[in-house]
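Observations on chain architecture
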Amino acid sequence: MIKTKNPKKPSLKEALFFEKGTIVKKWGGKIPVCIVFPNTYYTGMSNLATHMLYKILNSIPEVVCERCFIEESGEVYSLESRRPLKFFEIIFFTISYELDYVNIPRILLNSSIPVISGERKETDPLLIAGGICVMANPEPIHDFFDLFLMGDIEATALPFMEIYSEVRENKRDSILEELSSSGWVYNPRHLDVVYNKGGVVESFIPPDYTVTINRYKGKELGTSSIVTSKTEFSNMLLVEGTRGCPSQCPFCLLGNTYHFVYDRMRGLNTNITDIGIIGGGVSFHPELYKIIKELKGVGINVHLPSLRVDKIPLSVIELIKDEVKTLTFGIEAGTERLRRFVGKPLEDKEIFEKIEAILDIKPFNLKLYFMIGLYGEERSDIESIPELVKHIKHIMIKKGAKKGFVGSITVHASPFVPKASTPFQWLPMDDMENMKDKISRLKKEFGKIDNTYFTHESIKFSFIQGIFARGDRRVGTVITKLNSGESFQKVFRESPVNLNFYVLRKRDKGELFPWDFIGGKNNKDRLYKKFINALSYIKSPGPNADSS
Ligand code: SF4
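Keep in mind the model is a prediction, meaning the values are calculated, not measured. (Residues numbered from 1 in each chain as written. Predicted model: local features only at pLDDT ≥ 70, side-chain atom pairs only at ≥ 80, totals over all residues.)

**So, the overall build of the protein**
Looking only at helices and strands, the protein features 19 helices and 17 strands. Against the 2.2 N^0.38 benchmark of 24 Å for 548 residues, the protein shows a C-alpha radius of gyration of 24 Å, consistent with a compact globule. Expressed along its principal axes, the backbone C-alpha trace of the protein runs to roughly 70 × 60 × 40 Å. Out of the 548 residues in the protein, the part that is buried amounts to 46%. Considering only contacts in the protein between residues 6 or more positions apart, those separated by 24 or more positions represent 76%. (Helix = DSSP H or I, 4+ residues; strand = E, 2+ residues; numbered from the N terminus. Rg over C-alpha atoms; globule rule 2.2 N^0.38 Å. Buried ≥ 20, exposed ≤ 12 C-beta atoms within 10 Å, placed from the backbone. Contact = placed C-beta atoms within 7 Å.)

Here you go:
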């Protein structure tokens, strides 16, 4: 299993004990469905999609919906009734992270469900997948699933189940055909792909095959249905303050997948004392101050996710200062030139002034996110990261000295992974050796700055993520081999398609991408315009540029 994020895993028996809000229904006569999050309980229950799908499916009186996560022992059972997955009629996988693909074949094998959809029998459950990765590019995992739901949970789950309850007595093939009659359900058996000699998609059969994204048009967004101490957001009620993000940074999958909407959070009725308002665009929420003030007024502590340093109002930071020790900002790049390129056009001066004003409120710890390996990145861009952080450190010391406390800085670097269905889908990833070199230079520099910690994503896993994010149908074999325990080096060596093909190539404007059947041509034209616009910011090299 590829371990992602925090690997703290309570035993699942223990997990249920700590939950408030578990829904346990009797099975008799109901349609049993199971949500599978292909990672640990800790990670899966920190993901709002799991909660929302659980709540929506269980709101259907004829349905009993349970959950399933990866257990240390490798056993695969539903959490609520400890039944194997084979006992359910439908299994919904919710997928929000490409590296979790590797866990899918393992879950199916350990459940005695054929991994390849075409090999499933009448009695096997239907395997359905949804989530942000699926909406961007489901092709690497097309073989594992019978159908994909393309769209928001609120817009797809209920209509899908309505059709299913009408046709569930039919034969499996007929059920799948009926279910794929909606334009937002992708049935991979309805599409063939032809590759040219160079390995690029030459054509789709039928050529005009399209799936649409079914968007939720309502105003109320998601909330968690279960509160537990065994997640990243311990004992917090999670509320989706925003979906999508108006910034639409060209590298960001979230910003380019969902339309920006915000929840006014009227009538939030809870006896929970801590609320986590989540969403990539929270800093842009026009009523954030008002909402937090009201929540604080009734004694609720509010926690916020990673923020846009330039957009988050100081008045909001003032409101949450008592319960929040660390603020997280995505700065992304060390130089203004590269920040403009990635859609965060912040000047150094702007960052320093805002952080100074924030530290005037309280000497917070800071967590700062950066990307490395960006297209057009020069040695000076990497060198600017510790320089920028050193300057912030000076501000911290200056401000903290007066208050008798100087916070720490954690710098987290992630390799840039170009994602399908974003403006940066045409770009190559940096190669692993370059990125290793950049990471070791950063490590060395940050080792010299007091009270500053440097962490980074694994280069190898980011590279694999890059393969999955823009992979085609041939990547399914890579996933199966990695799942069976073969080393990445062996899989890389023996792959019939050179895996660098997926990550290191710059794509031509006209290249047909494996995921181009999603969303239609207008969508691709729109992304290309944004790509060209972003490129215009890095045409002239920055000062002191030399090649890294
Ligand atoms: S500001 Fe953050 S969440 Fe919004 S588009 Fe940019 S990277 Fe994505």
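**Re the sheet that holds strand E1 (residues 31-40)**
Strand pairing within a sheet occurs via backbone hydrogen bonds; the two strands may be parallel or antiparallel. One open sheet accounts for six strands, arranged E2-E1-E3-E4-E5-E6; its pairing is mixed. The outermost strands of the open sheet, each flanked by one partner alone, are strand E2 (63-70) and strand E6 (185-186). Pairing analysis gives four bridges linking E1 to strand E3 (residues 90-94), with the strands arranged parallel. Following the sheet pairing, Ile35 is matched in E3 by Phe92. Contacts from helix H3 (residues 48-58) reach E1, E2 and E3 within the one sheet, and its direction differs from that of E2 by about 160°. Lying on the sheet, helix H6 (residues 153-167) is in contact with E1, E2, E3, strand E4 (126-130) and strand E5 (147-149); it crosses E5 at an angle near 140°. (Pairing = 2+ DSSP bridges. Axes fitted to C-alpha atoms, helices over the stretch in contact; angles between N-to-C directions.)

**Some details on the site of the ligand**
Neighbouring the ligand are Cys245, Ser247, Gln248, Cys249, Cys252, Leu254, Gly255, Gly280, Gly281, Arg308, Gly330 and Gly343. Per-class residue counts for the shell around the ligand are four nonpolar, seven polar and one charged. (Near = placed C-beta within 6 Å. Nonpolar A, V, L, I, M, F, W, Y, C, P; charged D, E, K, R; others polar.)

**Things to note about the environment of Phe92**
Checked against the element boundaries, Phe92 lands in strand E3. Separated by 172 residues in sequence, Phe92 and Arg264 place their C-alpha atoms 29 Å apart. Excluding its chain neighbours within four sequence positions, the residues that come into contact with Phe92 are Val33, Ile35, Val36, Leu53, Ile128 and Gly130.

**Some points on the confidence of the model for the protein**
The predicted model of the protein has a mean per-residue pLDDT of 92, with 96% of residues at 70 or higher. This model gives residues 1-8 a pLDDT under 50, and the stretch forms 18 contacts once residues within four places in sequence are excluded. When the criterion is pLDDT under 50, residues 540-548 qualifies, and its contacts beyond four places in sequence or with other chains add up to 17 contacts. (pLDDT = per-residue confidence, 0-100.)

**Here we look at the pairing of strand E9 (residues 237-240)**
Here E9 shows no split at all, with Leu237 and Val239 on one side and Leu238 and Glu240 on the other all buried. Bridge analysis of E9 against strand E12 (residues 274-278) gives four bridges, and the strand direction is parallel. Pairing of Glu240 across the sheet is with Ile278, part of E12.

**Some details on helix H12 (residues 348-361)**
In this model H12 runs 20 Å from its N-terminal to its C-terminal C-alpha over 14 residues, within 8% of the 20 Å that 1.5 Å per residue would give. Buried residues of H12: Ile351, Ile355, Ile358 and Leu359, and no others. Relative to the axis of H12, the buried residues are bounded by an arc of 95° and lie together on one face. Among the exposed residues of H12, those pointing more than 90 degrees away from its buried face are Lys349 and Ala357. (Expected span 1.5 Å × (residues − 1). Arc of directions from axis to C-beta.)

**A short note on the sheet that holds strand E13 (residues 301-303)**
The strand order across the open sheet formed by three strands is E9-E12-E13, and the pairing between neighbours is parallel. Lying at the two open borders of the sheet, with one neighbouring strand each, are E9 and E13. The mean inter-strand angle of the sheet, taken between neighbouring strand axes irrespective of direction, is 30°. Sheet topology places E12 next to E13; three bridges connect them, and they run parallel.

**Quick look at the nonpolar core**
By size, the foremost hydrophobic cluster in this structure holds 148 residues, and its most contacted members are Ile91, Ile128 and Met150. Setting aside its immediate chain neighbours within four residues, Ile91 contacts Cys34, Val36, Leu85, Pro125, Leu127 and Ile128. (Core = buried A, V, L, I, M, F, W, Y, C linked by C-beta atoms within 7 Å.)

**Notes on the environment of Gly343**
Within the element layout of this structure, Gly343 appears in the loop between helix H11 (336-341) and H12. Gly343 gets classed as buried once you count the C-beta atoms within 10 Å, which come to 21. For Gly343 and Thr242, which are 101 residues apart along the polypeptide, the C-alpha to C-alpha distance reads 19 Å. In contact with Gly343, other than residues within four places in its own chain, are Ser247, Gln248, Cys249, Pro250 and Ala534.

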